[in-house]
Amino acid sequence: TFFSSGLVFSFVSPAPPPAPAPAPSPSWTEECPANFYCKPHSKPAPCPPYTEAPAGSVAVTDCVAIAGYYGQPGKAATQCPANNYCPRASVAPNPCPDHSAAPKGSSRQQDCKAVAGWHHNGDEYGSPTQPCPADSYCPAASISP
């Protein structure tokens, strides 16, 4: 404060602006949906490609390969190669039984079908194979001669 010619001048520093309100931290209070994982206080994150997870998953490693694919939990999965089958959650392809074949992306052992000249010695595909008997015809995918 100072005086000049009978006038009083007063300098007041302006008040600092109010501090900004803290940003709300994201949180997820509902159960995490299927095919997502939810870290604490975070929004749902999608599982990596070709993987799935049950509702309520909390870590990326809860995401496992879908049927017809294989890979480590929490990583993008790879399509199952031909002549193999990959059930859900496979970390490696499973080879078809000897003398049988399956297309890429197969998910069940029953997808493995006998090659020509061989037949399954059970009543379903995926069972072990044996050579076609003499004087018999066994095209590919034969259950019996």
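A quick note: this is a predicted structure, and the numbers were derived from the prediction, not measured.

Asks: Just to check I follow, could you spell out the overall build of the chain for this structure?
Replies: Across its full length, the chain carries 0 helices and 14 strands. Its helices and strands taken in sequence order, the chain reads β-β-β-β-β-β-β-β-β-β-β-β-β-β from the N to the C terminus. The buried share among the 145 residues of the chain stands at 26%.

Asks: Is there a simple way to explain the pattern of salt bridges in this structure?
Replies: Two side chains with opposite charge may pair up if their charged atoms get near one another. On inspection of all chains with the given rule, the structure shows 2 salt bridges. Taking the shortest distance from any N to any O, the salt bridge between Glu52 and Arg88 comes out at 2.5 Å. Separated by 36 residues along the polypeptide, Glu52 in strand S5 (residues 51-52) and Arg88 in the loop between strand S9 (84-85) and strand S10 (94-95) bring together distant segments of the chain. Look at Glu52 and you get partly exposed, because its relative accessible area is 24%. For Arg88, a relative accessible area of 43% puts it in the partly exposed group. Its salt-bridge partner being Asp111, residue Arg108 comes within 3.4 Å of it at the nearest N-O pair. Its relative accessible area of 16% is what places Asp111 among the buried residues.

Asks: When you look at the packing of aromatic side chains in this model, what are you seeing that I'm missing?
Replies: Here a ring pair, both rings aromatic, is described through the centre-centre distance and the interplanar angle of the planes. Inspection of every chain in the model, using the stated rule, returns 1 aromatic pair. Taken together, a centroid distance of 4.5 Å and an interplanar angle of 5° make the contact between Tyr50 and Tyr69 stacked. Of this pair, Tyr50 sits in the loop between strand S4 (45-46) and S5 while Tyr69 is found in strand S7 (residues 69-70), placing the two residues 19 residues apart along the sequence. Taking the ring centre of Tyr125 as reference, the NZ or CZ of Lys113 above it sits at 4.4 Å.

Asks: What exactly am I supposed to notice about unusual backbone geometry here?
Replies: Negative phi is the rule for most residues except glycine; trans is the rule for most peptide bonds. If you check the backbone angles, Tyr50 has positive phi at about 65° while not being a glycine. Residue Tyr50 is classed as partly exposed on the basis of its relative accessible area, which comes to 46%. Its identity as a non-glycine residue notwithstanding, Ala141 has a phi of 70°, on the positive side. Mapping Ala141 onto the fold places it in the segment after strand S14 (129-131).

Asks: Could you clarify how one ought to interpret the confidence of the model for the chain in this entry?
Replies: Detailed reading of the predicted model is not advised wherever pLDDT is low. Chain-level pLDDT for the chain is 85 on average; 80% of the residues reach the 70-or-more range. Here residues 21-26 is a poorly scored stretch, pLDDT under 50, and it has 3 contacts once near neighbours within four places are set aside; other chains count.

Criteria and thresholds
- Residues numbered from 1 in each chain as written.
- Predicted model: local features only at pLDDT ≥ 70, side-chain atom pairs only at ≥ 80, totals over all residues.
- Heavy atoms only, no water.
- Helix = DSSP H or I, 4+ residues; strand = E, 2+ residues; numbered from the N terminus.
- Buried < 20%, exposed > 50% of the residue type's maximum accessible area, 1.4 Å probe, protein only.
- Salt bridge = Lys/Arg side-chain N within 4 Å of Asp/Glu carboxyl O.
- Phe/Tyr/Trp six-rings, centres within 6.5 Å; stacked < 30°, edge-to-face > 60°.
- Lys NZ or Arg CZ within 6 Å of the ring centre and 35° of its normal.
- pLDDT = per-residue confidence, 0-100.
- Contact = heavy atoms within 4.5 Å.

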